[in-house]
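Architecture and fold: a report
Here is what each chain is made of, one letter per residue.
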Amino acid sequence: MSAARAGRDDDPDRLYTVTGGRSRAHNDSFDLVTLIVSECEPTPGMPSEQARILRMCRLPTAVVELSADLRLPVSIVKILLSDLLDTGRITARHPRTSKVPPASRRGGETPAAQLPDPTILEQVLVGLRNL
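Residues numbered from 1 in each chain as written. Predicted model: local features only at pLDDT ≥ 70, side-chain atom pairs only at ≥ 80, totals over all residues. Heavy atoms only, no water.

The name given to the chain in an unreviewed UniProt entry is DUF742 domain-containing protein, and the organism recorded there is Streptomyces bohaiensis.

Here it is in structure tokens:
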């Protein structure tokens, strides 16, 4: 028998309660690498998951990191973040995208000069494997 997967095998009733019955965020403001920053401290009576997010995001934190630390599926975290964004308790910093217009790309490819340095990508991969 395999071990339970955190966030995936949790009691569905708990996840339903955490999200207020919603299955997805009402906006698409977040992707896995969007950085979240708290704009305030948690307040008394705030749901515990939202309070944890505010404490964790005193420094910019990626959505995927929040999901792992909270041990909740990314979809659930996005719903919680959407609620916090709507109330002004967090800000979302989206990754920069290429400034080259799509028409100037050959075949829809990103020019080599704008791709990340392969050495840095290898170092990130090694770091992730060491986690």
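From this point, the narrative continues.
**Let's talk about the sheet that holds strand β1 (residues 35-38)**
As a reminder, the rule being used: At least two bridges found by DSSP between two strands are what make those strands a pair. By the criteria applied, helices consist of DSSP H or I runs no shorter than four residues and strands consist of E runs no shorter than two, each listed in order from the N terminus.
Across the sheet, three strands lie side by side as β2-β1-β3; this open sheet has antiparallel pairing. Each having just a single partner strand, β2 (61-62) and β3 (90-93) make up the two edges of the open sheet. When β1 meets β2, the two strands line up antiparallel, connected through two bridges. Within β2, the residue paired with leucine 35 across the bridge is alanine 62.

**Examining helix α4 (residues 74-86)**
To be explicit about the condition: Given the number of residues in a helix, its expected span is that number minus one, multiplied by 1.5 Å. Exposure classes here rest on a 1.4 Å probe applied to the protein chains alone. A residue is buried below 20% of its type maximum, exposed above 50%, and partly exposed in between.
Taking 1.5 Å as the rise per residue, α4 with 13 residues should run 18 Å; its terminal C-alpha atoms sit 18 Å apart, in good agreement. Buried within α4 we find Ile76, Val77, Ile79, Leu80, Leu81, Ser82 and Leu84. Just downstream of α4, glycine 88 is the residue with a positive phi angle, here 75°.

**A few points about the environment of arginine 55**
The criterion, for reference: In this description, contact between two residues means that some pair of their heavy atoms is separated by no more than 4.5 Å.
Along the chain, the position of arginine 55 falls in helix α2 (residues 48-56). The spatial distance from the C-alpha of arginine 55 to the C-alpha of glutamate 41 is 7.1 Å, given a sequence separation of 14 residues. In contact with arginine 55, other than residues within four places in its own chain, are Ser38 and Pro42.

**Describing the packing of helix α3 (residues 63-70) against α4**
In plain terms, the rule: Only C-alpha atoms enter the line fits that serve as axes; for helices the fit covers just the stretch in contact. Angles between N-to-C directions range over 0 to 180 degrees. Our angle categories are set so that under 35 degrees counts as roughly parallel, over 145 as roughly antiparallel, 65 to 115 as roughly perpendicular, and the remainder as oblique. It is the rotation of the near helix from the far one that decides the hand of a crossing: anticlockwise by less than a right angle makes it left-handed, clockwise makes it right-handed. Residue polarity follows a fixed list, in which Ala, Val, Leu, Ile, Met, Phe, Trp, Tyr, Cys and Pro are nonpolar, Asp, Glu, Lys and Arg are charged, and the others, Gly among them, are polar.
At a closest axis distance of 9 Å, the pairing of α3 and α4 adopts a crossing angle of 110°. If you check the angle between α3 and α4, you find them roughly perpendicular. As α3 packs across α4, the resulting crossing turns out to be right-handed. Across the interface between the two elements, Val63, Leu66, Ser67 and Leu70 of α3 pack against Val74, Val77, Lys78 and Leu81 of α4. Considered class by class, the residues forming the contact of α3 with α4 number six nonpolar, one polar and one charged.

**Section: a nonpolar patch on the surface**
We count it as follows: Note on patches: the residues involved have over 30% relative accessible area and no salt bridge, like charges join within 9 Å, and the nonpolar side chains Val, Leu, Ile, Met, Phe, Trp and Tyr join within 5 Å. In short, Shrake-Rupley with a 1.4 Å probe defines the accessible areas, and a residue's cover is counted only from the protein chains shown. By definition here, a salt bridge exists when the distance from a side-chain nitrogen of Lys or Arg to a carboxyl oxygen of Asp or Glu is within 4 Å.
A contiguous nonpolar surface patch, about 450 Å² in accessible area, is contributed by Ile120, Val124, Leu128 and Leu131. Mapped onto the elements, leucine 131 comes out in the segment after α5 (118-130).

**Re the nonpolar core**
To keep things clear, this is the line we draw: Side-chain atoms within 4.5 Å are what join buried Ala, Val, Leu, Ile, Met, Phe, Trp, Tyr and Cys residues into a set we call a nonpolar core.
Counting residues in hydrophobic clusters, the biggest one holds 17 residues, and the most contacted among them are Ile36, Ile53, Leu66, Val77, Leu81 and Ile90. Elements supplying a minimum of two residues to this core: α2, α3 and α4. Looking at this core, the element that brings in the most residues is α4, giving five residues. Beyond its immediate stretch of four places on either side in the chain, leucine 66 contacts Ile36, Ile53, Met56, Cys57, Thr61, Val77 and Leu81.

**Some words on the side chain of glutamine 50**
The topology assignment puts glutamine 50 in helix α2. Judged by relative accessible area, which is 9%, glutamine 50 ranks as buried. Every residue in contact with glutamine 50, bar those within four places of it in the chain, is listed here: Leu80, Asp83 and Leu84.

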